[in-house]
Each structure stands twice: as C-alpha cells, then as structure tokens.
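Below, each chain spelled out in residue letters.
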Amino acid sequence: MTLSEKYGTEIAEILSRYPVKRSALIPLLYLAQREGGYITEAAMIEIAGILKLTPPQVYETATFYTMLNLKPVGTFHIQVCKSLMCALVGSDTVIGWIKAKLGIGPGETTADGLFTLTAVECLAACGTGPMMQINDDYYERLTEEKVDRILADLKSTGSCALKTGPFMWPEPARNG
Ligand code: FES
C-alpha cells in the first residue's frame, strides 16, 4: 500500500499548511517513517512525486537529518544526545550504561530487535541533559537508575512513566 493510499487525508492536511509545497518535505518524510520505523526508497520516490521534486532532492534531505532513519531500527530507537551541553554532563557515560545493559553500541540493534542505539546531535533539551529520545518521547536528567528503569519498563510494558514529553513538530505560522 502506498503512503497516499494509507495516509491520504493526513498528507492533504500537511500539504495545506504550506504555500510552497516543498516545505512539506520533512513532515512527509516523518510520516513515511511511521511505517516500520524507517523511510523506504519507494516512499522517497512517492514523496518526490507528491512535491514535484526529484528523488535525489528528497534523498539529500532524508540523509541530512539524524531523526530520519533510512535503515530499519528496533522497536525502541534510543537516541542519546552527544552534543556539547549533554557531553559536558555525561552523555558518554549514558551510552556506556546502555551498552553495559543491552550489549549494543551506537549504530547497533539488539538481537531481539527491541532496541537500537544511536548517538545524535542536539535534541533541543540542552538545559536538562544528559538526555535521550526514545521513539517520540524525551527522557531528561538521566541517571544510571533512571536508565535502568526506562529500559526495563519499555521491555516489560512498552512504555515508561519517566518520559518528559513527546517530540512535537512546531506548528507553522498560518497566514490570515
Ligand atoms: S546538547 Fe543535548 S539536547 Fe542540546
């Protein structure tokens, strides 16, 4: 099933927000990522058609942003911020805890397909580091105890109450 077939209404709503259609590129790529957690080549070609872009133009954007995955990821995609402010308060240590707990380093997925670990650039929560984003949720001011609980809760129940809020796309300004 194509993106348009599955998400036609949502695509139309996204397109309606932007007077210049190519501005909808990242929201559409993010929508495509909902399918299986990564963006397929077929989806990029379809989005190029929708926005009247060439497939390489879509690929260039998709490969630039770390929140867009071009390869399959685990059920829970752990993205630890490694930029300066988080590095100063221990992002390397957080990666070490996760590595010790799950046996995977950045760029790797656990054998059961449950967790993928990625080290990423700033996630805009610089004052509450060290922090990580798992799927759409933030986890901030991480400690070893918190990381243990987050991983255990996700594994056993699929969610964790320690999340501090979902990642949100900013609402674009509307004319009129
Ligand atoms: S430096 Fe980590 S969120 Fe900005």
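Residues numbered from 1 in each chain as written. Predicted model: local features only at pLDDT ≥ 70, side-chain atom pairs only at ≥ 80, totals over all residues.

### Section: helix H6 (residues 91-102)
What counts, and what does not: Segments assigned H or I by DSSP are reported as helices when at least four residues long, segments assigned E as strands when at least two residues long, and all are numbered from the N terminus. Expected span of a helix: the number of residues minus one, times 1.5 Å. Every C-beta atom is placed from the backbone, and the number of other C-beta atoms within 10 Å of a residue's own sets its class: buried at 20 or more, exposed at 12 or fewer, partly exposed in between. Throughout, the arc means the angular range of directions from the helix axis out to the C-beta atoms. Our contact criterion uses C-beta atoms placed from the backbone: two residues qualify when those atoms are within 7 Å.
With 12 residues, H6 extends 16 Å from end C-alpha to end C-alpha; this agrees with the ideal 16 Å at 1.5 Å per step. Within the span of H6, buried status applies to Ser91, Val94, Ile95, Trp97, Ile98 and Leu102. Summarising the axial view, the buried residues of H6 lie within an arc of 155 degrees, below the 170-degree limit, and thus occupy one face. Every exposed residue of H6 that faces more than 90 degrees away from the buried side is listed here: Asp92 and Ala100. For H6, the secondary structure elements touched by its buried residues are strand E1 (76-81), helix H5 (84-88), strand E3 (115-120), strand E4 (132-134) and helix H7 (144-157).

### Describing the pairing of E1
Put simply, the test is: Paired strands, as defined in this entry, are two strands with at least two bridges between them according to DSSP.
Among the 6 residues in E1, 6 count as buried, and that is most of the element. The two faces of E1 match: Phe76, Ile78 and Val80 on one face and His77, Gln79 and Cys81 on the other face are all buried. Pairing of E1 with E3, which is carried by 6 bridges, proceeds in the parallel orientation. Residue Cys81 lies in a different strand from E3, and its bridge partner there is Val120. Here E1 runs beside E4; their pairing, made up of 3 bridges, is antiparallel. Residue pairing in the sheet places Ile78 in a bridge with Ile134 of E4.

### Here's the deal with the pairing of E3
Buried residues dominate E3, accounting for 5 of its 6 residues. As defined by bridge partners, strand E2 (residues 108-109) adjoins E3 across 2 bridges and the pair is classed as antiparallel. The residue bridging Thr109 from the neighbouring strand is Thr116, located in E3. Hairpin geometry of E2 and E3 is characterised by an intervening segment of 5 residues between the two adjacent antiparallel strands and by a positive phi of about 75 degrees at Gly113.

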